[in-house]
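Descriptive structure summary
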Amino acid sequence: MRILTAILLGLVVYFQYQLWFGYNGYEDYRDSLKEVQALRQKVSEKAERNAQLKAQIADFKEGSDAVEEIAREEYGFKKSDEVFFHTQ
C-alpha cells in the first residue's frame, strides 16, 4: 500500500510540475498572454496611424488647402505677396 501511495504521489508531483513549468504549461501561457497584449497595442497604434493617413488622403482629394498647408509648414513656401519673418 505504501508503494502505491508513493507512486501516486510521485505522479501527482510530476503532473503538477508539467502543468506549471513544462512545455505549454502555465508559464508559457502567461508569456503568450503578454505577447498577445503587446501585439494588440501595436495593432491599435497602427490602426490609429492608418486613420490619420486616410484623413490626410481625403483632405488631399478634396482641395488644395492641405497641399498648401504642407508646402508652407514643411518646405517654407510663401505666396508672392507675403512677407516671411523667421523668429527663434
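Model, not experiment: these values are computed from the prediction.

Next up on the list: the overall build of the protein chain. Counting secondary structure elements, the protein chain contains three helices and zero strands. Rg of the C-alpha trace for the protein chain: 31 Å, well past the compact-globule value of 12 Å for 88 residues, more than 25% over. Principal-axis analysis of the C-alpha atoms places the extent of the protein chain at approximately 105 × 35 × 10 Å. Looking at the protein chain residue by residue over its 88 residues, the buried ones come to 5%. Of the roughly 8,700 Å² of accessible surface on the protein chain, 59% is carried by carbon and sulfur atoms. The averaged location of the 15 negative side-chain charges in the protein chain is 9 Å from the averaged location of its 12 positive side-chain charges.

Right, let's talk about the packing of helix α2 (residues 26-62) against helix α3 (residues 65-75) for a bit. Two numbers describe how α2 lies on α3: the axes approach to 6 Å, and their chain directions differ by 110 degrees. When the axis of α2 is compared with that of α3, the two are roughly perpendicular. Counted together, Q56, D59 and F60 of α2 and A66, V67 and I70 of α3 form the full contact between these two elements. Residues belonging to the contact of α2 with α3 are distributed by class as follows: four nonpolar, one polar and one charged.

Residues D59, E62, D65, E69, E73 and E74 make up a contiguous surface patch of negative charge. Residue assignment for the negative patch shows that the elements contributing at least two residues are α2 and α3. The element best represented in the negative patch is α3, accounting for four residues. Looking at the secondary structure, you find D59 in helix α2.

Right, let's get into the packing of aromatic side chains. Using the criterion set out here, one finds four aromatic pairs in the structure. Seen in terms of ring centroids, Y26 and Y29 are 6.2 Å apart; in terms of plane orientation they differ by 35 degrees. Their pairing is tilted. Here Y26 and its partner Y29 are both found in helix α2, three residues apart, which amounts to about one turn of the helix. With a relative accessible area of 36%, Y26 lands in the partly exposed category. Put simply, the rings of W20, Y26 and Y29 pair up and form one aromatic cluster.

Rules used throughout
- Residues numbered from 1 in each chain as written.
- Predicted model: local features only at pLDDT ≥ 70, side-chain atom pairs only at ≥ 80, totals over all residues.
- Heavy atoms only, no water.
- Helix = DSSP H or I, 4+ residues; strand = E, 2+ residues; numbered from the N terminus.
- Rg over C-alpha atoms; globule rule 2.2 N^0.38 Å.
- Buried < 20%, exposed > 50% of the residue type's maximum accessible area, 1.4 Å probe, protein only.
- Areas by Shrake-Rupley, 256 points an atom, 1.4 Å probe, with all protein chains shown as cover.
- Lys, Arg positive; Asp, Glu negative; His and termini not counted.
- Charge placed at Lys NZ, Arg CZ, Asp CG, Glu CD.
- Axes fitted to C-alpha atoms, helices over the stretch in contact; angles between N-to-C directions.
- Parallel < 35°, antiparallel > 145°, perpendicular 65-115°, else oblique.
- Contact = heavy atoms within 4.5 Å.
- Nonpolar A, V, L, I, M, F, W, Y, C, P; charged D, E, K, R; others polar.
- Patch = residues over 30% accessible without salt bridge, like charges linked within 9 Å, V, L, I, M, F, W, Y side chains within 5 Å.
- Salt bridge = Lys/Arg side-chain N within 4 Å of Asp/Glu carboxyl O.
- Phe/Tyr/Trp six-rings, centres within 6.5 Å; stacked < 30°, edge-to-face > 60°.

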